[in-house]
Amino acid sequence: KQEVTQIPAALSVPEGENLVLNCSFTDSAIYNLQWFRQDPGKGLTSLLLIQSSQREQTSGRLNASLDKSSGRSTLYIAASQPGDSATYLCAVAGNTGKLIFGQGTTLQVKP
Amino acid sequence: DVKVTQSSRYLVKRTGEKVFLECVQDMDHENMFWYRQDPGLGLRLIYFSYDVKMKEKGDIPEGYSVSREKKERFSLILESASTNQTSMYLCASSLGGSDTQYFGPGTRLTVL
């Protein structure tokens, strides 16, 4: 059974720092991996999707990498800003499209 | 932009009531999903649908049913609401089976 783990559960950094969020999964037979952002009391916003054949994806200050063989993904946020404060969720998809989510990392960026 | 809307942001119901949560997407997506999100348990898939009138059980379907009569609309039904169904309910849609999922704003349901 696929399990997704995100470490750390919470992170607090000063504005301007570069940071890395980690995601690991137990079954490497994934179709893709997706990173989402969730603001308190709101729905999820898709940030990046990495297909299983890809190694990384970039969008603005965000870069996500995927190492399928070791069951790991990282989300790199460059030059963090207070507006980046949110919970970040990773999820892996099998070929049915079902997503298995991690518990999330709650990020606070202090001005 | 993809837009996924949910019928209510907040809902309060009594135990035993029949509850309908509606989700509508405007991008002609084939796939639609219902999740619930609970502290400490994360997001869990309740049901999903690949096409009109088709449905598949997710990880926690007990106590729920769904209806997809039109492509753009996916309804989650609590036949007889119970207090353990108090949760945040999130709907999502995607173009294909493993494409990016777009989420609605969520419905926070409280069952008293």
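Criteria and thresholds
- Residues numbered from 1 in each chain as written.
- Chains lettered and ligands numbered in written order.
- Predicted model: local features only at pLDDT ≥ 70, side-chain atom pairs only at ≥ 80, totals over all residues.
- Heavy atoms only, no water.
- Helix = DSSP H or I, 4+ residues; strand = E, 2+ residues; numbered from the N terminus.
- Rg over C-alpha atoms; globule rule 2.2 N^0.38 Å.
- Contact = heavy atoms within 4.5 Å.
- Buried area = accessible area lost by both parts, 1.4 Å probe.
- Salt bridge = Lys/Arg side-chain N within 4 Å of Asp/Glu carboxyl O.
- Polar contact = N/O pair within 3.5 Å; in protein donor to acceptor, adjacent residues only side chain to side chain.
- Nonpolar A, V, L, I, M, F, W, Y, C, P; charged D, E, K, R; others polar.
- Buried < 20%, exposed > 50% of the residue type's maximum accessible area, 1.4 Å probe, protein only.
- Disulfide = S-S within 2.5 Å.

(A) Representation of the overall build of chain A in the model. Counting its secondary structure elements, chain A contains zero helices and 11 strands. Of the regular secondary structure in chain A, the N- to C-terminal order runs β-β-β-β-β-β-β-β-β-β-β. A compact globule built from 111 residues should have a C-alpha radius of gyration of about 13 Å, and chain A, at 13 Å, falls within 12% of that. Seen through its principal axes, chain A has C-alpha atoms that stretch 40 × 25 × 20 Å.

(B) Structural view of the interface of chain B and chain A. Counting from both sides, the interface comprises 22 residues of chain B and, opposite them, 21 residues of chain A. Together, the buried faces of chain B and chain A total about 1600 Å²; carbon and sulfur atoms form 50% of this surface. On the chain B side of the contact with chain A, Leu43(B), Ser98(B) and Phe103(B) bury the most area, a combined 31% of that side's loss. The interface formed by chain B and chain A holds one salt bridge in total. Where Lys98(A) meets Asp59(B), a salt bridge forms, and the shortest distance between an N and an O atom there is 3.7 Å. At the surface where chain B touches chain A, the tally comes to five residue pairs in polar contact (both at pLDDT 80 or more). Secondary-structure elements contributing two or more residues to the side of chain B that touches chain A are β4 (31-38), β5 (42-49) and β9 (87-94) of chain B. Its residues assigned to classes, the side of chain B that touches chain A comprises 11 nonpolar, eight polar and three charged.

(C) Representation of the side chain of Gln6(B) in the model. Residue and element names in this part refer to chain B. Checked against the element boundaries, glutamine 6 lands in strand β1 (residues 4-6). According to the relative accessible area criterion, glutamine 6 is buried, its value standing at 10%. Within the local environment of glutamine 6, its side chain forms a polar contact with the backbone nitrogen of cysteine 91, the two atoms lying 3.2 Å apart. Polar side-chain contacts of glutamine 6 include one of 3.4 Å to the side chain of threonine 107.

(D) Fine view of the pattern of salt bridges. Within the structure shown, the criterion is met by 10 salt bridges over all chains. The closest approach of N and O atoms between Asp39(A) and Arg37(A), which form a salt bridge, is 3.0 Å. With its nearest N and O atoms 3.5 Å apart, the salt bridge here joins Lys18(B) to Glu79(B). With Lys18(B) in the loop between β2 (10-13) and β3 (19-25) and Glu79(B) in the loop between β8 (73-78) and β9, this pair connects stretches of sequence that are 61 residues apart. Taking relative accessible area as the criterion, Glu79(B) reaches 43% and is therefore assigned partly exposed. The network of salt bridges with common partners includes Asp28(B), Glu30(B) and Lys71(B).

(E) Region of interest: the state of the cysteines. Enumeration according to the criterion identifies two disulfides over all chains in this entry. Residue Cys23(A) pairs covalently with Cys90(A) via a disulfide, S to S 1.9 Å. The disulfide joining Cys23(A) to Cys90(A) has a torsion of about 70° about its S-S bond and is therefore right-handed. One end of the pair, Cys23(A), is in strand β3 (residues 19-25); the other, Cys90(A), is in strand β9 (residues 86-93), and 67 residues separate them in sequence. For Cys90(A), a relative accessible area of 0% corresponds to the buried category. A disulfide bridge connects Cys23(B) with Cys91(B), and the sulfur atoms are separated by 1.8 Å. The S-S bond linking Cys23(B) to Cys91(B) shows a torsion near -75°; that makes this disulfide left-handed. Highlighted residues: Cys23(B) in strand β3 and Cys91(B) in strand β9, separated in sequence by 68 residues.

(F) Focus on unusual backbone geometry. Residues and elements named next belong to chain A. Between isoleucine 7 and proline 8 the backbone carries a cis peptide bond, its omega angle lying at 0°. Within the fold, proline 8 resides in the loop between β1 (4-7) and β2 (10-14). Look at alanine 79: it is not a glycine, yet its phi comes out positive at around 45°. One can find alanine 79 in the loop between β8 (72-77) and β9.

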